[in-house]
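Residue strings, one per chain:
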Amino acid sequence: KTCCRLRAADMNRKDCVRVAVRVRPFNKREKDAGSRCIISMVTSSVTIQDPHDPHNRRSFSFDYAYWSHSGFLRDHNGLYVPEEPGGRYADQDSVFQDLGEGILENAQQGYNATLLAYGQTGSGKSYSMVGYGPNKGLVPKLCDRLFEDIRGNQATRQCQVFFSMMEIYNEQVIDLLSRSSRTSGVLRVREEQHRGFYVEGLRTVPCDSVEQLMEQGTRTRTTAATHMNANSSRSHMLIILQLKQVTSANITKQSSINLVDLAGSERQRSSGSEADRLKEGTAINLSLTTLGNVISALADVVVGKRAVHIPYRDSVLTKLLQSALGGNSRTVMIATLSPADIFYEESLSTLRYAESHPDSVGTTPAGRTQGLGAAVRHHHSGQSTDFCLTFFFHLFFFDLHVFGCFPLGQERRMIQMFPSIHNINEDAQLSGVVKLFIREGPFVENIFVCRIQEHHAVFRNEQRRVTVTPHQGSKVIVNGQTVTQTTELQHLDRLILGSNSTYLFIGYPSERGGEDCSRYDYDYFQSELAAAEGIHLGESSPGGGQTDPSLLAVFYDYIKLMPMVAEANQMSQELKKDIEFKLEIKNLAASDSKGHDLEKDVVVRVTSLPRKQVWVWSKNKFVNRKFLMEELYQQQQQQAEQRTDTSRAAALQDKDPFWDPVEPLLLGTAHLWLQSLVFRIPLEEQLEVLSSEGRAEAILQVQLVPCSSTGLPLGEDGILMDPSELLGQRLDFQLVLDQCFGLHWVREAHNRGVQFGFRIFDCSQPFYTPAVWNQVNPLLHHHIHLTSLHTTSSLLDYLQSSAVVLEMWHVVDFVFLWPGTDCPAAWYCSSLFLDSDPYLPAGVCAAGDDGGRRRSLRPSCDADLARALKVFYHSMTSVRAQLQRLCRHRPSVGSPV
Ligand SMILES: Nc1ncnc2c1ncn2[C@@H]1O[C@H](COP(=O)(O)OP(=O)(O)OP(=O)(O)O)[C@@H](O)[C@H]1O
């Protein structure tokens, strides 16, 4: 069995942090993309393989490694179990036996414990922690066992369990069991000497089962996320079970179990943009970073490295977990992984994070651990435990009023009687938790979606016909199409209300067949919307070839970003930012490819509407900014509720995620092929500058002129028949950027200009022409003299097969901006060496370098043919230049030719 099992008793003996890793099966997306599994496990060691370099493998050792990727089947109860008894598949039961039982035992002995799930969004954290359907996860299994034990030991012990459930989002605590948390229910974290950190006013509910409480908490989490324009995968969900035991000898033990479903770890990655780093600081999840630091610091204390300060106070999560991390407390982390090659980077960083938490935390005797575990037997006097279950019935009926939600049994009856709409969430665990029943008769169900309008749309049910009518100015999309009028709904219609509230319509029972509703997941909704915008993957013929995985990755990026862009637009509108976001698919043309199968990527075009200033943000930059926008949105909402002044926050431009300094913008690229140089033939070209969408942005007139070392153009005599004659020789040529035509956009404002940049051969620095301002057809007249003192075969290869990519940059405000570089003005260069070391004696090149490549050079060929080709090529070049000039001066339509 791959899973290395340590008995719970072992765990108790070794005071420690236990780290487990679990890999899940492929999901539909990964299967569609033809993903390969890059994770392998042998006993408790996990190996990950770099999909781009099969020799690059990294192995990590953990306490437990759970193989849940393959070798399983679904039994008649819907449980995922190993295909054969003793098979390697690790099911929910085996994970519970290893991780859950120890924690429970520990808590019963009176020690605090923490169980954390860490991993990227969609990697299986919720599956392990909460579970899906019959495949119950650690939390329900642990609670079931706890209540079973309590009932079994009633004669010798009296026990009470208190339950609380909260969400930490942007360092704010939201009580998931509170009625007010949907709007302004953000609670404060306080500290008291005898109590440590606690959440003021948090509901703590005595209970003897947790199912209903968890359901209620999940429901609040879903609606809170919708309301706050927030993303649930960015928040931490924390369940605290407090166990109070009084033995027959009248000894009181009190302990708490913290169960934490952490935010998706992928947000920890930087967008890589230097300029955005400052703003990113807050976007990166503080609690997640601090948790890592706390655990590492605890490990340092244990090995006696240095007297470390343990940064519990740096984040809300670590403050709340302080009494249950380290010391005699038990901490178990389960790190979850996707098996797919496309998530290599994410999975590697998860393994690194998990590895960095060695199993030594807390091995110090309790007395030396700064009292961390000593919190164990203290009394939580004064906690508000006077709250009882009946309150939740109030809560449910409160929900009924606004959201149409009902207690479980009643809800089942309602489903059998009425049509309804069910929320569909990106996090499958949160799908179907909000249901709105649409009763027949004079009732009108108004639905509240976002803060733009009090009511968004009206649902009516007249004579068993259900219709939706958008309120004026509200966005309602049915099956991918925007509707503005009353529209009748059919069973399984997909609705998107506002920027991104997605619902599935379930008709009357008589309309329902045995169809599988689970296919209408979040991806389905977004794919349908993308198809309406003309973005789709095309028909995949049954049994036909698979879609190119890289195209699939772009498509999935597109549908992932689509709702985020809609939300960003909504926030921009509400916060009156006058910024518009638009998703685009662009060719990554910064290569010298011949234009076939250009790699594509998704970018976000950002336009400041009043100034018509445009920025293009990368995916990562947009995602980070979107989180900052959510933060700003939340702050402003709270300030508006508290009626405080919002103008100060809005004035801090450099902190404003909607704002960016003026930046040069890459408008397009032109490819200048260099092949003529290997024959020392001059070339004059009129190149089209194409935008990333393939639109012609301008015409650029350029020349390649072979020349002497002093810059004199070579005549016909300089033309070579065999490029290999250049090997080891000096080569000089000039790249001339003459003129650019058709920059109509410079007319739109007075501060616009253009600048060209390029990279060539092995030169790491890009080079730029000086900017030219305010001209539709600017004269550039920029000459660059390029020299190779000793032409190597790799340079010849490069010239024969490559093009220089000339980038056209839009610059503004007469500020000299250097796109993507800190390059000083001196890089307006006029001469440049192509040799990596221009002072190397001529003819010196590494044998290995030349040996293999010489073969790829054109062999010396028939002299007559070469001469003929030379003449033909020369005349074609000038004919082409003439033709292009004629095209440019083409008479307008209708005039005589
Ligand atoms: N061990 C497993 N066996 C079978 N299916 C799994 C397993 N782990 C995860 N899955 C499936 O993978 C999908 C994603 O898992 P899950 O929702 O738990 O991810 P997550 O990390 O919690 O994501 P999020 O951060 O969005 O909540 C779910 O459909 C779940 O059923």
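What you are looking at is a predicted structure, and each value in this text was computed from that prediction instead of being measured.

Asks: Please give an account of the site of the ligand that cites residues and values.
Replies: Taken together, 15 residues lie near the ligand, and Gly 122, Lys 125, Ser 126, Tyr 127 and Tyr 132 sit nearest. With the chains in place, 82% of the 630 Å² that the ligand exposes on its own is no longer accessible. The element that contributes the greatest number of residues to the shell around the ligand is helix H4 (residues 125–129), accounting for three residues. Looking at the shell around the ligand residue by residue, the classes come out as four nonpolar, seven polar and four charged.

Asks: Now, about the UniProt feature "binding site: ATP" (unreviewed entry) in the protein chain: what can you tell me, with residues and values included?
Replies: Feature annotation in UniProt places "binding site: ATP" (unreviewed entry) on Gly 119, Gln 120, Thr 121, Gly 122, Ser 123, Gly 124, Lys 125 and Ser 126, given in this structure's numbering. In this structure, Gly 124 sits in the loop between strand S8 (113–119) and H4. Those residues in contact with Gly 124 that sit more than four places away from it in its chain are Arg 24 and Thr 336. Relative to the elements of secondary structure, Lys 125 occurs in helix H4. Take Lys 125: its relative accessible area is 7%, and that puts it in the buried class. Apart from the residues lying within four places of it in its own chain, the contact partners of Lys 125 are Ala 117, Tyr 118, Gly 119, Gln 120, Asp 261, Leu 262, Ala 263, Gly 264 and Thr 336. A polar atom in the side chain of Lys 125 sits 3.1 Å from the backbone oxygen of Gly 119.

Asks: Tell me about the sheet that holds strand S29 (residues 501–506), and please be specific about residues and values.
Replies: Taken in spatial order, the six strands of this open sheet run S21-S20-S29-S28-S25-S26, and their pairing is antiparallel. Pairing within the sheet leaves two strands with one partner each, and these edge strands are strand S21 (435–437) and strand S26 (481–483). Taken over all neighbouring pairs, the strand axes of this sheet differ in orientation by 30° on average, direction set aside. Pairing of strand S20 (residues 420–423) with S21, which is carried by three bridges, proceeds in the antiparallel orientation. By the bridge assignment for S21, His 422 is matched with Lys 435.

Asks: Any details on the environment of Val 23? Residues and values, ideally.
Replies: Relative to the assigned elements, Val 23 resides in strand S1 (residues 17–23). Sequence separation of Val 23 and Ser 40 is 17 residues, and the distance between their C-alpha atoms is 9.1 Å. Not counting the four nearest positions on each side in its chain, Val 23 is found in contact with Ile 39, Met 41, Tyr 66, Trp 67, Ser 68, His 69, Leu 337, Ser 338 and Pro 339.

Asks: Requested: an account of the pattern of salt bridges, with residues and values cited.
Replies: For the coordinates displayed, the defined rule picks out 18 salt bridges. Of the charged contacts, one joins Glu 101 and Arg 145 as a salt bridge, the two residues approaching to 3.3 Å between their closest N and O atoms. Here Glu 101 is found in helix H3 (residues 92–108), whereas its partner Arg 145 is found in helix H5 (residues 138–152), with 44 residues between them in sequence. You can call Arg 145 partly exposed: its relative accessible area is 29%. Note that Arg 465 is salt-bridged to Glu 488, the shortest N-O span being 3.1 Å. Note that Arg 465 is positioned in strand S24 (residues 465–470) and Glu 488 in strand S27 (residues 487–488), a separation of 23 residues in sequence. Judged by relative accessible area, which is 34%, Glu 488 ranks as partly exposed.

Asks: Outline the sheet that holds strand S4 (residues 53–61), supporting the account with residue identities and numerical values.
Replies: Spatial ordering of the open sheet is given by S2-S3-S4, a layout of three strands whose pairing is antiparallel. Because the sheet does not close on itself, it has two edges, and the strands there are strand S2 (39–42) and S4. Between one strand axis and the next, the sheet turns through 25° on average, direction left out of account. As paired elements, S2 and strand S3 (residues 45–50) share four bridges and run antiparallel to each other.

Asks: Mind laying out the packing of aromatic side chains, listing which residues take part and the relevant values?
Replies: Two numbers describe a pair of aromatic rings. These are the distance of the centres and the angle of the planes. A complete count under the given rule lists 13 aromatic pairs for this structure. Taken together, a centroid distance of 5.1 Å and an interplanar angle of 55° make the contact between Phe 761 and Tyr 798 tilted. Highlighted residues: Phe 761 in the loop between strand S37 (752–758) and strand S38 (767–768) and Tyr 798 in helix H17 (residues 793–801), separated in sequence by 37 residues. When its relative accessible area of 14% is taken as the criterion, Tyr 798 is described as buried. Each residue in the set Phe 581, Trp 617, Phe 622 and Phe 658 is aromatic and connected to the rest through ring pairs, giving one cluster. Note that Arg 195 overlies the ring of Tyr 198, its terminal NZ or CZ placed 3.6 Å from the centroid. The ring of Tyr 508 has Arg 464 sitting right over it, with the charged end atom 3.8 Å from the ring centre.

Asks: Provide a residue-level description of the packing of H3 against H5, including the pertinent values.
Replies: Interhelical geometry of H3 versus H5 gives an angle of 50° and a closest axis separation of 9 Å. The angle between the axes of H3 and H5 places the two elements in the oblique class. Here H3 runs over H5; the crossing is right-handed. Contacts between H3 and H5 involve Gln 92, Asp 93, Val 95, Phe 96, Leu 99, Gly 100, Glu 101, Ile 103, Leu 104 and Gln 108 from the former and Leu 138, Lys 141, Leu 142, Arg 145, Leu 146 and Asp 149 from the latter. Looking at the contact of H3 with H5, its residues break down into eight nonpolar, three polar and five charged.

What counts and what doesn't
Residues numbered from 1 in each chain as written. Predicted model: local features only at pLDDT ≥ 70, side-chain atom pairs only at ≥ 80, totals over all residues. Heavy atoms only, no water. Near = heavy atom within 4 Å. Areas by Shrake-Rupley, 256 points an atom, 1.4 Å probe, with all protein chains shown as cover. Helix = DSSP H or I, 4+ residues; strand = E, 2+ residues; numbered from the N terminus. Nonpolar A, V, L, I, M, F, W, Y, C, P; charged D, E, K, R; others polar. UniProt positions renumbered as here; feature names shortened; annotations may be inferred. Contact = heavy atoms within 4.5 Å. Buried < 20%, exposed > 50% of the residue type's maximum accessible area, 1.4 Å probe, protein only. Polar contact = N/O pair within 3.5 Å; in protein donor to acceptor, adjacent residues only side chain to side chain. Pairing = 2+ DSSP bridges. Axes fitted to C-alpha atoms, helices over the stretch in contact; angles between N-to-C directions. Salt bridge = Lys/Arg side-chain N within 4 Å of Asp/Glu carboxyl O. Phe/Tyr/Trp six-rings, centres within 6.5 Å; stacked < 30°, edge-to-face > 60°. Lys NZ or Arg CZ within 6 Å of the ring centre and 35° of its normal. Parallel < 35°, antiparallel > 145°, perpendicular 65-115°, else oblique. Left-handed = near helix turned anticlockwise from the far one by under 90°.

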